[in-house]
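Structural overview
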Amino acid sequence: MLALTINGVHQPLQLKELPDPQPADGEAVVRLRAAALNHRDVWIQKGQYAGLRYPAVLGSDGAGVVSSVGNPQHADWLGREVIVNPGLGWGDNPHAQAASFTILGMPENGTFAEYVKVPVQNLYAKPPHLSWEQAAALPLAGLTGYRALFSRAGAQCGEKVLVTGVGGGVALLVLQFAVAAGATVYVTSGSDEKIQQAVAMGAAGGANYNHPDWPGQLKQQAGAFDVIVDSAAGDGFAQLVDVAAGGGRIVFYGGTRGAINNLVPGRVFWKQLTVLGSTMGSDAEFAAMMEFVNEKKLVPVVSRVFSLQEGNAALEFMKSSSQFGKIVLVIGG
Ligand SMILES: NC(=O)c1ccc[n+]([C@@H]2O[C@H](COP(=O)([O-])OP(=O)(O)OC[C@H]3O[C@@H](n4cnc5c(N)ncnc54)[C@H](OP(=O)(O)O)[C@@H]3O)[C@@H](O)[C@H]2O)c1
């Protein structure tokens, strides 16, 4: 099969011919029609990720058709259109993943390839209302956003929610989930145009985080926020505390802007805030996310589509933060 491999830190992806994966008992092989990028792929290329192993096939998100199964007992999956839950081995504890939990696309070979091998239990029927590209855009970002917004922060209908850096793949799905759940949603972005695009998708307003007084602008528009969903962290995180309502919840699943060095403890405890970390999600949360997407007919936003051969250009596009939503690779015909 053709696959994009990474062979070391700061190395470009290389398109190579690799042996087709063979499914063992309990596994299936999916012939991929589309895959999607996550910021994780950039961190791995930069060497800023735990458990690096080379060579590897990156890619956590994929959608395609089941082409073989390891056990005839699973033959009913053959030929079915699926998307793949990229969380491997979450375990039984809904509160946190098992120590052995991994994410598809290192250490296990991922979806930037013509075929991927996954456990049968990670297969889910592709939502019929989604194209291949839209389906591939959903899994990792949808799972992360769903757990952060609903399971961790407990966002409710009628609450005021702030989503930071809305152009990001996860953030944009969080906006869609929160709007669909009946929350009033505001956003931040480094781009005024992306804020306008978010408003067109149901956001009530927003502010540009490059403006020195973005917290003041948000307070003027919205007052204070019950729930804040962030993936930037860094020094801007302290200002999220300023715009949180008393008793508010701030959940973060990323640290794109690095360490939080300036958090004033008194501001957090005086406001009775809850600060929550969140990563990926359990199998049950993946199933719940899929149900929510199917019920509300949500459509992930595909910012730009590249071919598998253009994998390096796709990674550069992500590094430039030009995207509004997910960056997708189409595979095969
Ligand atoms: N823990 C987990 O399970 C998990 C899962 C997925 C992602 N993540 C992490 O979450 C982060 C986002 O991932 P992604 O795949 O959604 O990435 P992405 O599509 O590359 O999005 C990154 C976004 O970050 C926003 N951003 C940059 N600087 C910011 C700032 N100072 N304040 C607010 N937002 C800022 C930008 O938004 P604008 O374009 O709107 O300016 C940018 O589009 C990454 O660090 C990733 O590793 C963690």
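Residues numbered from 1 in each chain as written. Predicted model: local features only at pLDDT ≥ 70, side-chain atom pairs only at ≥ 80, totals over all residues.

1. With respect to the overall build of the chain
Scanning the chain from N- to C-terminus turns up 10 helices and 18 strands. On C-alpha atoms alone, the chain measures out to a radius of gyration of 20 Å, which is about the 20 Å that the 2.2 N^0.38 rule sets for 333 residues. Relative to its 333 residues, the chain shows a buried fraction of 48%. (Helix = DSSP H or I, 4+ residues; strand = E, 2+ residues; numbered from the N terminus. Rg over C-alpha atoms; globule rule 2.2 N^0.38 Å. Buried ≥ 20, exposed ≤ 12 C-beta atoms within 10 Å, placed from the backbone.)

2. Here we look at the environment of Leu315
For Leu315, the location among the structural elements is in helix α10 (residues 311-319). Given 22 C-beta atoms within a 10 Å radius, Leu315 is considered buried. C-alpha of Leu315 to C-alpha of Ala181: the two residues are 134 residues apart in sequence and 32 Å apart in space. Among residues more than four places away in sequence, those in contact with Leu315 are Leu37, Asp41, Val42 and Gln45. (Contact = placed C-beta atoms within 7 Å.)

3. Description of the sheet that holds strand β4 (residues 56-57)
If you trace the three strands from one edge of the open sheet to the other, you get β2-β1-β4, paired in antiparallel fashion. A single partner strand is all that each edge strand has here, and the edge strands are β2 (14-17) and β4. Summarising the sheet, strand β1 (residues 2-6) and β2 pair through four bridges and their orientation is antiparallel. Following the sheet pairing, Ala3 is matched in β2 by Lys16. (Pairing = 2+ DSSP bridges.)

4. Description of the site of the ligand
Around the ligand, the structure places 32 residues, and the nearest of them are Gly165, Gly167, Gly168, Ser189 and Gly254. Every element with two or more residues in the shell around the ligand is listed here: α1 (39-45), α4 (169-180) and β12 (184-189). Residues of the shell around the ligand, tallied by class, amount to nine nonpolar, 20 polar and three charged. Three or more residues apiece are contributed to the shell around the ligand by two domains, here domain 1 (2-138 + 300-330) and domain 2 (144-277). (Near = placed C-beta within 6 Å. Nonpolar A, V, L, I, M, F, W, Y, C, P; charged D, E, K, R; others polar. Domains from an automatic or database assignment.)

5. Some remarks on the packing of helix α3 (residues 139-152) against helix α9 (residues 283-296)
Axis separation between α3 and α9 bottoms out at 9 Å; the angle between their running directions is 95 degrees. Between α3 and α9, the angle falls in the class roughly perpendicular. Contact residues: α3 offers Gly142, Leu143, Tyr146, Arg147 and Ser151, while α9 offers Glu285, Phe286, Ala288, Met289, Phe292 and Val293. Along the lines of polarity and charge, the residues of the contact of α3 with α9 split into seven nonpolar, two polar and two charged. (Axes fitted to C-alpha atoms, helices over the stretch in contact; angles between N-to-C directions. Parallel < 35°, antiparallel > 145°, perpendicular 65-115°, else oblique.)

6. Some thoughts on the domain arrangement of the chain
Taken domain by domain, the chain holds domain 1 (2-138 + 300-330) and domain 2 (144-277). The distance between the C-alpha centroids of domain 1 and domain 2 comes to 28 Å. Between domain 1 and domain 2, the residue contacts involve eight residues of the former and seven residues of the latter. Considered class by class, the residues forming the side of domain 1 that touches domain 2 number three nonpolar, four polar and one charged.

7. What about the packing of α3 against α4?
Relative to each other, α3 and α4 sit at 55 degrees, their axes nearing to 8 Å. Judged by the inter-axis angle, α3 sits oblique to α4. Of the two possible hands of crossing, α3 and α4 adopt the one that is right-handed. Across the interface between the two elements, Ala141, Gly142, Thr144, Gly145, Tyr146, Ala148 and Leu149 from α3 touch Gly169, Val170, Leu173, Val174, Phe177 and Ala178 from α4. Grouping the constituent residues of the contact of α3 with α4 by class yields nine nonpolar, four polar and no charged. (Left-handed = near helix turned anticlockwise from the far one by under 90°.)

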